[in-house]
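One letter stands for each residue in the lines below.
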Amino acid sequence: MTLRLFHLNAGTMSPPSALLVNGRGGLFERARMVCHILLIERAGELCLVDTGIGLNDINNRDQLPAAFLKKGRPSLDPAETAIAQVGALGFDPHNVRHVVMTHLDRDHAGGLADFPWAKVHVHDTEHRAAVKGQPAVQPGRYAAQQWRHGPDWATYDRFGADWMGLPSCQVDLFDGWDVRLVPLPGHTPGHSGVAVKRGDDAWFFHAGDAYYSRRQIDSPPRRAPLGLLFQIRKAEIDRAQRIASEDAVRRLRQRPAISICCTHDPDEFDRLSK
Ligand SMILES: [Zn+2]
């Protein structure tokens, strides 16, 4: 039986300059960025890949960093939250028993507190950086209130299995599901892509923040618009690793059996969510 995939935008952000971030539109017009997450369903069983911005963030917005609210200008629309959209699709949010995280940045982990019953799967290195502060990253990057409810974490630190030429490990989800965590470090210490086997040979790969604009994984690569490139570099914790991760995703894109998305590209989201 194949897995059904739903593409959800769990948080529109409107940073300054459409021209510099989206590569078109006005210099002084606000840009559009999305938080592209996945809802995976089979026989009523549900799993999320990332959670975007959650109700918990919207109800406690004063706990989000002021710079994020001012520059990113997230819409903070309750209807865009994962929990609202799962319900709007006719599913019971309590059936979301698992969440697989690409990483724990505040624009990805905000919905965790809306699913306190779910097991949260993440790279061990990412968990340590975000929850224990080891290694320390940019201050204010992770938002501890997003896991104050004490999630049931499942962390992974062995990536021995080859997936399409990359190290990976199987995520322990529902019986018969083949979902893998594929480390793509550089953006954060334990940043990972999530590979989902949909059918016989077909895979979907969520690359998280390994790229922000689809043009970065073109062959040959095209540079992201300048404002976006600035954001990418400001957020990275290791440039060489980030570039190697971006290269790895570009190589995956050459394989016809794999469809790919990232988190923040609005055009890619519009195409895949149609
Ligand atoms: Zn992000």
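Further up the page is the structure itself.
(A) Region of the structure containing the coordination of the zinc ion. The zinc ion binds to the protein through Asp107 (OD), His108 (NE2), Asp209 (OD) and His264 (NE2), with metal-donor distances spanning 2.1 to 2.5 Å. Taken together, the four donor atoms coordinating the zinc ion span angles of 80 to 164 degrees at the metal, a pattern that classifies the geometry as irregular. Read N to C, the donor residues that coordinate the zinc ion are spaced as D-H-x100-D-x54-H. You can see Asp107 sitting in helix α5 (residues 106-109) and its partner Asp209 sitting in the loop between β11 (203-206) and α7 (226-235), a full 102 residues away along the chain. On the basis of relative accessible area, Asp107 is assigned to the buried category, the value being 11%. Note on Asp209: relative accessible area 3%, which makes it buried.

(B) Quick peek at the sheet that holds β11. Ordered by their spatial adjacency, six strands build an open sheet running β7-β8-β9-β10-β11-β12, and the pairing between neighbours is mixed. Only two strands of the sheet have a single neighbouring strand rather than two, namely β7 (161-163) and β12 (258-261). On average, each strand axis in the sheet is tilted by 35 degrees relative to the strand beside it, whichever way the strands run. Across four bridges, strand β10 (residues 192-197) lies against β11 in antiparallel orientation. In the sheet register, Lys197 faces β11, and the bridge partner there is Trp203. In the packing of helix α8 (residues 239-253) onto the sheet, the strands contacted are β7, β8 (166-170), β11 and β12, and the crossing angle to β12 comes to about 140 degrees.

(C) Structural detail: empty space enclosed by the protein. For the coordinates displayed, the defined rule picks out one cavity of 30 Å³ or more. Here the largest cavity is characterised by a volume of approximately 30 Å³. As for the largest cavity, its lining consists of Ala10, Gly11, Ile53, Ile58, Ser75, Leu76, Asp77, Glu80 and Thr81. Of the residues in the lining of the largest cavity, the class split is four nonpolar, three polar and two charged.

(D) Summary view of the environment of Gln254. On the secondary structure map, Gln254 appears in the loop between α8 and β12. Spatially, the C-alpha atoms of Gln254 and His127 are 31 Å apart, while their sequence positions differ by 127 residues. From its side chain, Gln254 meets the backbone oxygen of Arg250 in a polar contact 3.3 Å long.

(E) Main features of the pattern of salt bridges. Overall, the coordinates contain 14 salt bridges when judged by the stated rule. In this structure, Arg4 engages Glu41 in a salt bridge whose closest nitrogen and oxygen atoms are separated by 3.1 Å. In this pair, Arg4 is assigned in strand β1 (residues 4-9) and Glu41 in strand β2 (residues 36-42), connecting sequence segments 37 residues apart. Assessed through its relative accessible area of 44%, Arg4 is described here as partly exposed. For Glu41, a relative accessible area of 9% puts it in the buried group. Between Arg253 and Asp218 there is a salt bridge whose closest N-O contact spans 2.7 Å. Of this pair, Arg253 sits in helix α8 while Asp218 sits in the loop between β11 and α7; the two residues are 35 residues apart in sequence, bridging distant segments of the chain. According to the relative accessible area criterion, Arg253 is partly exposed, its value standing at 30%. Judged by its relative accessible area of 18%, Asp218 falls in the buried class.

(F) Looking closely at the nonpolar core. Within the largest apolar cluster, 25 residues are counted, with the highest numbers of intra-cluster contacts made by Leu39, Leu48, Val96, Met101, Leu104 and Phe115. Those elements giving two or more residues to this core turn out to be β1, β2, β3 (45-49), α4 (82-88), β4 (96-100), β5 (119-123) and α6 (124-132). The element contributing the most residues to this core is α4, with three residues. Excluding residues that lie within four positions of it along the chain, Phe115 makes contacts with Leu48, Ala82, Ile83, Val86, Pro93 and Val96.

What counts and what doesn't
- Residues numbered from 1 in each chain as written.
- Predicted model: local features only at pLDDT ≥ 70, side-chain atom pairs only at ≥ 80, totals over all residues.
- Heavy atoms only, no water.
- Donors = N, O, S within 2.8 Å, 3.2 Å for Na, K, Ca; no water.
- Tetrahedral: all angles 85-135°; square planar, octahedral: opposite > 155°, others 65-115°.
- Helix = DSSP H or I, 4+ residues; strand = E, 2+ residues; numbered from the N terminus.
- Buried < 20%, exposed > 50% of the residue type's maximum accessible area, 1.4 Å probe, protein only.
- Pairing = 2+ DSSP bridges.
- Axes fitted to C-alpha atoms, helices over the stretch in contact; angles between N-to-C directions.
- Contact = heavy atoms within 4.5 Å.
- 1 Å grid on protein atoms, 1.4 Å probe; cavity = no way out; pocket = protein on both sides within 12 Å on 5 of 7 lines; lining within 4 Å.
- Points joined across faces, edges and corners; volume = space filled by probe spheres on them.
- Nonpolar A, V, L, I, M, F, W, Y, C, P; charged D, E, K, R; others polar.
- Polar contact = N/O pair within 3.5 Å; in protein donor to acceptor, adjacent residues only side chain to side chain.
- Salt bridge = Lys/Arg side-chain N within 4 Å of Asp/Glu carboxyl O.
- Core = buried A, V, L, I, M, F, W, Y, C linked by side-chain atoms within 4.5 Å.

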